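Residue strings, one per chain:
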Amino acid sequence: MKRAFAFGDKSLETAVRRVNEIRSVAIIGAGTMGQGIAIDLLRKTDCEVILLDVQAEALQRAQTRLTELWQQQVDSARLRPEDARDLAARTRYTQQYEVLRHADIIWEVATERSEIKARIFQTVEKTADPERLAAIFSNTSSHTTGELALLFQTTAFREKFLTVHGYYPFESNRLIDVMKGKYASPETFALGVVFADQILEKTVIALPVDHHGYLTDPIFQAMAAIISWDVQTGQDLVQLGGLWELLTANPFVVLDQTGHMPYTESSRHLGQALPATDRLRGLYLRDGAHYPAWIARLEQTGASGVNSATQRGFYAWQGTPPRPTAVLDPGSGQYVPVGELSRQEFWSFYEAAELDRRAGKIKSAASLVHVACAGDAGGRAFRRYVLPILLYGLDLIQDRVATPGQINIATRAGLRYKVGLIELIDALVAHATIDGVLEMVRRARDENAADPYMLDMLDVDGQRGPRQGRPCLLYELRKRNLTRLLGYGPYFQTPVAELCLDDGSYRARYLDLKFVEPTSRDRVASIVFNNPLRGNVWNRVLLDQMAHAYQHVLHLHRAGRCGAVLFTAAGGGLRLLGADAREFNRGWYERAKGYVPLDEGEAAAFTRNGMRLFRLIQKSPVATLGVFGEKWGGGAEFSYFLDLRYDVRAAGYVFDSLERQSRWQAKPTYNQPELDYAILGGFGAAGELQRLGLGDSAIFELFDQGLTADRAYQVGLSNDVFDDELEALRRGYERARMMAKDAPYSRALFKQQLARGIDDEALARETGETFDPQKNPFISTGLLTLLDRGARPPKMDYACRDTRLPGWQYPADSGQANVDTTK
């Protein structure tokens with residue numbers, strides 16, 4: 001939302017204040033990644049963005065791309081011409097390092113080669129102003145922060161240096177890594193995390209300790225490297241690379257899209273720098289080579305993918321947008337037709353696809369387990385190429401480099417796995433037991449007995465290779481009778497928590513939500529919808545996460561630590577969309593096949609679970625307030641269940657169906673378009689709007705054309721309206737803080753009365769009950785505050801452990817909020 005907010009977290013206030021002072025960001029390197037960062041910064045901030053590159057041609061390509069992008073958005077009525085001019089005016093293209101004197105953040109994205117980075121950093125150190133500079137980032141794919149920090153000569157620059165790494169395409173990939181390393185100050189690390197999280201609006205993997213390539217890059221690098229040594233033909237690239245399409249995408253297709261340079265340079269560095277204990281180090285140094293000769297030949301000829309002069313790399317590309325039309329045959333150096341997977345050899349891949357089709361799923365854990373156990377070439381490929389990377393993920397947890405949830409989120413968000421790496425490990429254990437998984441690894445070792453590199457990577461007993469002396473984490477899990485690394489949600493069994501190895505508990509870890517713990521002073525928890533790239537949609541994953549998060553709220557409320565929740569959404573405009581349309585189709589939507597309807601049971605289950613959760617939030621004695629901008633469908637419906645709604649005005653192009661043109665104007669912030677799509681508001685819109693006092697005419701207006709923030713305020717749906725997002729959050733948080741002061745017994749009784757309606761006799765009885773300290777233990781403190789106005793009011797104990805609140809009973813597991821809620 002262009003500025004950061006601390007959500008009451010005092011430890012973040014300094015970083016938030018410094019982030020909000022940033023006015024200029026310089027990017028060193030105008031290639032594909034540098035352009036993506038520039039686009040993202042220009043869209044999400046009001047900062048000046050400087051693109052610096054020593055090659056004039058690179059700057060010209062960058063300027064052409066950005067200019068064409070803004071014009072395309074103007075032509076498609078997504079951007080006003082004056083906004084496009086502002087974006088262009090805030091962008092500088094230069095070859096001169098002197099501009100760094102005025103930069104608040106410097107972000108190096110030029111190269112993986114250490115000697116070139118050293119020259120760049122020396123120049124930065126000579127020209128940048130360390131007093132003005134908030135931080136220096138490097139987008140390195142393989143170096144540690146500590147390695148690169150030593151390229152600076154002075155402590156002042158080392159303390160402000162972080163590695164901050166995004167993924168292709170940067171402007172539309174939600175994952176980002178922020179790694180502190182040995183030298184960066186805690187203040188710089190906090191600033192980097194806040195900047196990546198709230199300004200760039202990314203899902204942040206924050207690593208306080210150094211690790212080569214963070215979490216995601218070593219996994220992606222290995223996906224290609226582990227296959228590359230076995231590639232002999234073009235069909236190998238298709239079939240072996242196609243193994244990864246069961247989880248995400250063929251890595252050789254992705255490398256052609258990003259360019260090969262980061263991969264080859266990272267392979268060189270990893271071959272030289274990986275520690276002796278890294279399971280995958282043998283992928284990057286074999287007989288003095290960091291990657292196979294056939295990849296080296298591509299590098300020598302400049303065939304680096306779709307953006308090379310010939311549009312050739314692992315594949316030959318043609319068309320707009322470019323698509324692979326032929327695949328490299330490494331033996332002959334020629335490009336040959338892209339073949340299909342052999343049904344005879346890889347029958348398990350086809351069976352997996354059919355299993356998913358029948359179940360209405362997409363690349364499910366069950367289908368992957370089916371392939372892992374198969375006896376065909378597909379099963380052998382899975383055990384040869386996927387199992388070592390699964391074991392590597394276990395190593396990261398065992399070595400305390402990362403948590404299970406971090407690894408799972410990194411693979412789902414950054415590599416776009418449909419089943420996260422740790423979810424897959426849990427699925428294999430659930431299917432085969434830990435002993436069965438260990439036996440599967442031994443089977444893979446038998447199948448690859450002639451390959452010493454593979455035997456090293458498949459070691460689980462600590463008998464050979466980099467992990468010699470360190471048996472696999474699976475043995476520790478078996479000894480402690482732990483069978484899952486993740487905790488799963490109550491409705492759709494999607495990940496909501498992660499195992500803490502230290503004490504065996506499960507702690508919250510969310511992909512699509514952020515949970516900010518309440519402070520003892522404010523007693524306000526903040527729950528932030530955190531998937532802005534997709535408009536913060538409601539789906540099965542989010543329902544599980546919200547259910548788990550609200551159980552934690554109730555646990556905190558019962559302990560007296562939380563009295564209110566502020567709900568809001570990440571991203572510019574604080575948008576909250578409705579149900580995820582992708583889940584309306586049974587399985588993967590394909591245009592050629594058309595719509596495949598859900599059965600009535602599946603459709604009803606989503607509404608039933610959503611209503612169960614929304615009613616829990618509505619009826620609970622916790623005060624709730626939402627601060628949102630545009631709300632659509634289920635997003636709007638969610639807000640109807642909250643106690644108060646604060647709206648941020650929205651503006652944009654709106655299509656005038658009479659004049660047949662788009663006009664820039666105020667946009668509705670409450671939208672219920674379901675009737676247009678032959679469905680209903682599945683989260684109770686009609687009934688809740690009536691409960692909130694809207695008449696039929698206003699409800700029809702909302703469903704047929706939407707309500708702007710001001711119109712919603714006029715009809716009583718909105719409680720306050722703002723132009724500025726940060727001001728709306730400040731005011732919303734403060735109102736929630738004041739609401740949290742309500743005594744729990746009184747608030748629970750008040751909500752019961754609202755739900756019941758008029759009953760004078762019940763009102764008299766309940767008023768009397770509030771004066772009974774045996775029933776309402778908060779009465780003494782509350783009345784002392786009211787009666788003794790000259791004295792300092794006593795501090796209220798809000799805990800409800802031994803108090804029965806009117807009309808409310810805590811769910812049985814509300815005291816177990818950090819434990820997974822699998823049912």
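Just so it is clear, the model here is predicted, and its values are computed rather than measured. Each chain has its residues counted from 1, running along the sequence as written. It should be noted that, the model being predicted, local features are given only for residues of pLDDT at least 70 and side-chain atom pairs only at 80 or more, the latter also being counted only at that level, while totals for whole chains, interfaces and linings use all residues. To obtain the side-chain values, all non-hydrogen atoms of the structure were used and water was disregarded.

Colleague: So what's going on with the pairing of strand 1 (residues 24-28)? Residues and values would help.
Modeller: Among the five residues of strand 1, five are classified as buried, and the element is accordingly described as predominantly covered. A simple rule labels every residue: compare its accessible area, found with a 1.4 Å probe on the protein chains alone, to the largest value its type can have, and call it buried under 20%, exposed over 50%, or partly exposed in between. Only runs of H or I of at least four residues qualify as helices and only runs of E of at least two qualify as strands under DSSP, and these elements are numbered from the N terminus. Side-chain alternation along strand 1 places S24, A26 and I28 on one buried face and V25 and I27 on a second face that is also buried. Strand pairing requires that DSSP identify at least two bridges connecting the strands. As defined by bridge partners, strand 1 adjoins strand 2 (residues 48-52) across five bridges and the pair is classed as parallel. Among the inter-strand pairings, I28 is bridged to a residue of strand 2, identified as L52. Clockwise travel from the first strand over the helix to the second, with the strands pointing away from the viewer, marks a crossover as right-handed. Crossover handedness for the path strand 1 to helix 2 (residues 32-44) to strand 2: right-handed. For strand 1 and strand 4 (residues 105-108), the ladder comprises four bridges, and the chain directions are parallel. Paired with I27 across the bridge in strand 4 is W107.

Colleague: Describe the nonpolar core, with residues and values.
Modeller: Of all hydrophobic cores here, the largest spans 152 residues; its most connected members are F529, F567 and F638. Contacts are residue-level and defined by heavy atoms, with any inter-residue pair within 4.5 Å sufficient. Apart from residues no more than four positions distant in its own chain, F567 is found in contact with I527, F529, M546, Y550, I617, T624, L625, G626, V627, F628, F638 and L642. In these notes, a set of buried Ala, Val, Leu, Ile, Met, Phe, Trp, Tyr and Cys residues joined through side-chain atoms within 4.5 Å is what counts as a nonpolar core.

Colleague: Explain the sheet that holds strand 18 (residues 623-628) to me, and be specific about the residues and the numbers.
Modeller: What links the strands of a sheet is backbone hydrogen bonding, and the strands pair in either a parallel or an antiparallel sense. Taken together, the six strands give an open sheet; going across it, the order is 15-16-17-18-20-24, and neighbouring strands pair in mixed fashion. Edge positions in the sheet fall to strand 15 (513-516) and strand 24 (720-722), since each has one partner strand and no second. In this sheet, neighbouring strand axes are inclined to one another by 15° on average, regardless of whether the strands run parallel or antiparallel. Alignment of strand 15 against strand 16 (residues 524-529), held across four bridges, turns out to be antiparallel. Across the sheet, residue L513 finds its bridge partner in strand 16, namely F529. A fitted line through C-alpha atoms represents every axis, and for helices the fit uses only the stretch in contact; the resulting angles, taken between N-to-C directions, go from 0 to 180 degrees.

Colleague: Can you lay out the confidence of the model for the chain for me, pointing to particular residues and giving the numbers?
Modeller: What pLDDT expresses is the predictor's confidence in each residue, scored from 0 to 100. Chain-level statistics for the chain give a pLDDT mean of 94 and a share of 99% at 70 or above. When the criterion is pLDDT under 50, residues 814-823 qualifies, and its contacts beyond four places in sequence or with other chains add up to 31 contacts.

Colleague: Now, about helix 10 (residues 234-243): what can you tell me, with residues and values included?
Modeller: The element helix 10 is largely enclosed, with a buried count of nine among its ten residues. Listed in full, the buried residues belonging to helix 10 are G234, D236, L237, V238, Q239, L240, G241, G242 and L243. Here a polar contact is taken to be a pair of N or O atoms separated by no more than 3.5 Å, where protein atoms must pair a possible hydrogen donor with a possible acceptor and residues adjacent in sequence count only if both atoms sit in side chains. The opening residue of helix 10 is T233, an N-cap whose side-chain oxygen sits 3.3 Å from the backbone nitrogen of Q235.

Colleague: Could you give an account of the pairing of strand 20 (residues 644-648), with specific residues and numbers?
Modeller: A large share of strand 20 lies buried, amounting to five of its five residues. Alternating residues of strand 20 divide into L644, Y646 and V648 and R645 and D647, and every residue in both groups is buried. Bridge count between strand 18 and strand 20: four bridges; the pairing is parallel. Paired with L625 across the two strands is L644, which belongs to strand 20.

Colleague: Could you give an account of the sheet that holds strand 10 (residues 323-329), naming the residues involved and the relevant values?
Modeller: On the basis of which strands lie adjacent, the open sheet formed by three strands has the order 9-10-11 and antiparallel pairing. With one partner strand each, in any of the chains shown, strand 9 (315-318) and strand 11 (334-337) form the two edges of the open sheet. Adjacent strand axes in the sheet meet at a mean angle of 40°, parallel and antiparallel pairs treated alike. Where strand 9 meets strand 10, four bridges bridge the pair, whose relative direction is antiparallel. Residue pairing for strand 10: A316 is matched across the bridge by A326.

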